[in-house]
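A closer look at the structure
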Amino acid sequence: SSSHRAAIESATYRLGHGSRDPLTAAMSMKLQKRLAADIKKCGRNRIWLDPNEASEISMANSRFNVRKLIKDGLIIRKAVKMHSRARVRKNLEAKRKGRHTGVGKRRGTREARMPSKILWMRRQRVLRRLLRKYRQQKKIDKHLYHYFYRHAKGNCYKNKRVLVEAIHKMKAEKTKAKALQEQQEARKEKAKLLKAKKAAKRDEALKA
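We now turn to the structure provided with this report. None of the values given here were measured: they were computed from a predicted structure.

Section: the overall build of the protein
Looking only at helices and strands, the protein features ten helices and two strands. The buried share among the 208 residues of the protein stands at 18%. Here the analysis covers contacts within the protein between residues at least 6 apart in sequence; of these, 59% occur between residues at least 24 apart. For the protein, the accessible surface area stands at approximately 17700 Å², while carbon and sulfur atoms represent 54% of it.

Quick word on a positive patch on the surface
A grouping of Arg 125, Arg 129, Arg 132, Lys 133, Arg 135, Lys 139, Lys 160 and Lys 171 is seen on the molecular surface, where their side chains present a positively charged patch. At the level of secondary structure, the elements contributing two or more residues to the positive patch comprise helix H8 (116–136) and helix H10 (160–207). In terms of residues, the positive patch owes the most to one element, H8, which gives five residues. On the accessibility criterion, Arg 132 (39% relative accessible area) is partly exposed.

Side note on the packing of aromatic side chains
All chains considered together, the criterion is met by three aromatic pairs. Taking 5.8 Å as the distance between ring centres and 40 degrees as the angle between the ring planes, the aromatic pair formed by Tyr 145 and Tyr 149 counts as tilted. On the criterion of helical spacing, the pair formed by Tyr 145 and Tyr 149 is a turn pair, its members being four residues apart in helix H9 (residues 142–153). By relative accessible area, which is 13% here, Tyr 145 ends up buried. Here the guanidinium or amino end of Arg 135 rests over the ring plane of Tyr 145, the centre of that ring lying 4.0 Å away.

Details of the nonpolar core
Within the largest apolar cluster, 16 residues are counted, with the highest numbers of intra-cluster contacts made by Ile 47, Ile 57, Val 66 and Ile 75. Counting only elements with at least two residues in this core, the list comes to helix H3 (30–40), strand E1 (47–49), helix H4 (54–59) and helix H5 (63–72). For this core, the element with the highest residue contribution is H3, accounting for four residues. Contact partners of Ile 75, with chain neighbours within four places excluded, come to Ala 36, Ile 47, Trp 48, Leu 49, Ile 57, Val 66, Leu 69 and Ile 70. One finds Leu 130, Tyr 134, Ile 140 and Met 170 within the second-largest nonpolar core, a separate group that totals 15 residues.

A closer look at the side chain of Gln 124
Mapping Gln 124 onto the fold places it in helix H8. Classification of Gln 124 as buried rests on a relative accessible area of 5%. Those residues in contact with Gln 124 that sit more than four places away from it in its chain are Ala 152 and Lys 153.

A look at the environment of Asn 52
Of note, Asn 52 is situated in the loop between E1 and H4. Residues Asn 52 and Leu 74, spaced 22 residues apart in sequence, show a C-alpha to C-alpha distance of 9.1 Å.

Looking at the environment of Leu 69
Looking at the secondary structure, you find Leu 69 in helix H5. A relative accessible area of 5% places Leu 69 in the buried class. In this structure the C-alpha to C-alpha distance between Leu 69 and Leu 49, which are 20 residues apart in sequence, comes to 9.5 Å. Ignoring anything within four residues of it in the chain, the contact list for Leu 69 reads Glu 56, Ile 57, Ala 60, Leu 74 and Ile 75.

Each value, and the rule that gives it
Here, residues in each chain are numbered from 1, in the same order as that chain's written sequence. Given that the model is predicted, a residue must reach a pLDDT of at least 70 before its local features are reported, and side-chain atom pairs must reach 80 or more before they are shown or counted; all residues, however, enter totals for whole chains, interfaces and linings. To obtain the side-chain values, all non-hydrogen atoms of the structure were included, while hydrogens and water were left out. Each helix is a run of H or I in the DSSP string that is no shorter than four residues. Each strand is a run of E no shorter than two, and both are numbered from the N terminus. For each residue, the accessible area found with a 1.4 Å probe, counting protein chains only, is set against the maximum for its type, and the residue is called buried under 20%, exposed over 50%, and partly exposed in between. Residues count as neighbours in contact if any of their non-hydrogen atoms are within 4.5 Å of one another. In this description, accessible areas are obtained by the Shrake-Rupley approach with a 1.4 Å probe, and a residue is regarded as covered only by the protein chains that are shown. What goes into a patch is any residue over 30% in relative accessible area without a salt bridge, connected to like charges within 9 Å or, for nonpolar side chains (Val, Leu, Ile, Met, Phe, Trp, Tyr), within 5 Å. Salt bridge criterion: a side-chain nitrogen from Lys or Arg within 4 Å of a carboxyl oxygen from Asp or Glu. In this tally, Lys and Arg are treated as positive and Asp and Glu as negative; His is ignored, and so are the chain termini. For charged residues, the charge sits on one atom: NZ in Lys, CZ in Arg, CG in Asp, CD in Glu. Each Phe, Tyr or Trp ring, with Trp reduced to its six-membered ring, pairs with another whose centre is within 6.5 Å; inter-plane angles below 30 degrees give stacked pairs, above 60 give edge-to-face pairs, and intermediate values give tilted ones. The criterion for a charge sitting over a ring is simple: Lys NZ or Arg CZ within 6 Å of the ring centre, and within 35 degrees of the ring normal. In plain words, nonpolar cores are sets of buried Ala, Val, Leu, Ile, Met, Phe, Trp, Tyr and Cys residues tied together by side-chain atoms within 4.5 Å.

And the structure:
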């Protein structure tokens, strides 16, 4: 009877064996999509089934058949949708030039956007690095190093250039002072010799 035949067809459909109603299969190809997604290791939304070959695809009810269809190009894994950063890069490049940073674009306070403490730390690290380098290169001795280290902490030098100038100035002054002292000592020595010479001459004159 017809009812008996319908029951048998529904049972074979559930088991996934034998032929299926072509109209139902063409409308729903969930199985093929699921199998293809599993084979290609991607989501179901990335699987493309050729709409012109719907009847042939609907007949594939095993992984072997689905693999064959993938090989033939009837089932394709679509490329990942691209999320371009071109506009972001363009905007950041403009920001580096100073665009889009006016009052209307600022959300936080000046202190929140660039804390003064971070600026201070950066400046101190730059100055201290320079002092360490100069001490290692024997450009300054430990006394000068200590002097400039304390003055750097006391906010005397706003940048590296000012500190370098101060070091050169101090070294020049020290050299000048040393030269003057040497001259003075040489003068004293000369005067001393002259005095001794005069005394010797006077003694000679008295003896005669």
